[in-house]
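Descriptive analysis of the structure
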Amino acid sequence: MTASDPKADLHFYLQSARDALLWKLEGLSEYDIRRPLTPTGTNLLGLVKHTAGVELGYLGDTFGRPSGEPLPWLDDGAEPNADMWVAPDQSREQIVELYHRAWAHADATIDALALDTVGRVPWWPSGKDEVTLHHAVVRVIADTHRHAGHADIVRELMDGAVGMDKDNGSMPPGDAAWWADHRNRLERAAREADRDA
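Computed from a prediction, not measured in an experiment: that's the story for all the values here.

**With respect to the pattern of salt bridges**
This structure, assessed with the given rule, holds 11 salt bridges. A salt bridge links K24 to D152; its shortest N-O distance comes to 2.5 Å. Here K24, found in the loop between α1 (6–23) and α2 (30–34), pairs with D152, found in helix α5 (residues 133–159); they are 128 residues apart in sequence, far enough to count as distant. On the accessibility criterion, D152 (22% relative accessible area) is partly exposed. Here the salt bridges do not stand alone but share partners, grouping R18, E55 and D107 into one network.

**Topic: the nonpolar core**
Core analysis: the largest hydrophobic core is formed by 25 residues, its most contacted members being L22, L25, L44, V48 and Y99. Listing elements by their share of this core, those giving two or more residues are α1, α3 (44–58), α4 (92–112) and α5. Beyond its immediate stretch of four places on either side in the chain, L44 contacts K24, L25, L28, D32, I33, A151, V154, R155 and M158. Counting 17 residues, the second-largest nonpolar core is a separate cluster that includes F63, L115, V137 and V140.

**With respect to α4**
Helix length check: α4, at 21 residues, gives a terminal C-alpha distance of 30 Å against a target of 30 Å (1.5 Å per residue), a fit within 8%. Burial in α4 covers these residues: R92, I95, V96, L98, Y99, A102, W103, H105, A106, D107, T109 and I110. For α4, the elements touching its buried residues are α1, α2, α3 and α5.

**Observations regarding the packing of α3 against α4**
Where α3 contacts α4, the axes come no closer than 9 Å and their chain directions differ by 25°. Relative to α4, the element α3 lies roughly parallel. Seen along the crossing, α3 lies across α4 with a hand that is left-handed. Where α3 abuts α4, its residues L45, V48, K49, T51, A52, E55 and L56 lie against R92, I95, L98, Y99, A102, W103, H105 and A106. Its residues assigned to classes, the contact of α3 with α4 comprises 10 nonpolar, two polar and three charged.

Rules behind the numbers
Residues numbered from 1 in each chain as written. Predicted model: local features only at pLDDT ≥ 70, side-chain atom pairs only at ≥ 80, totals over all residues. Heavy atoms only, no water. Salt bridge = Lys/Arg side-chain N within 4 Å of Asp/Glu carboxyl O. Helix = DSSP H or I, 4+ residues; strand = E, 2+ residues; numbered from the N terminus. Buried < 20%, exposed > 50% of the residue type's maximum accessible area, 1.4 Å probe, protein only. Core = buried A, V, L, I, M, F, W, Y, C linked by side-chain atoms within 4.5 Å. Contact = heavy atoms within 4.5 Å. Expected span 1.5 Å × (residues − 1). Axes fitted to C-alpha atoms, helices over the stretch in contact; angles between N-to-C directions. Parallel < 35°, antiparallel > 145°, perpendicular 65-115°, else oblique. Left-handed = near helix turned anticlockwise from the far one by under 90°. Nonpolar A, V, L, I, M, F, W, Y, C, P; charged D, E, K, R; others polar.

So this is what it looks like as structure tokens:
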């Protein structure tokens, strides 16, 4: 077993989630990366915009390291859920570049500070707002992986693309007919379980 480097371990899992989330945009039209595919409006580019703000907040502002990035969708008085969708006048490139800048800023915070450094989350209640850098990084990893999972489902609904990246589908082998049969078998099992309940 090799020696552990906690920061390197955390960074690896954070970066893998970042990469998976951005991969979900590849090859899609402007419409497809923005279109809402759930009743609550979940969409691919909105997930990227949201995670950029999460990184800048938890791994920037929380530790007295503001990025200077304007994030009007997080201002007091902003429309609720404004960080979860992208207006037509904001391009894919702008949001992806913002996310890359958020990565760089967050990574600089992780590199500069010890994992036991204490910060204050500005939007948490006073007296309950202290976190360590370690806690904040774990929180951002969990949030990013959660949203990468959302993106995986949204993308699968669009064109069937699944997995962590183009080289790692993380799925058992099977052609379209096999997957259709598999899904039908699961549907039958669900109906049978419901009848027996």
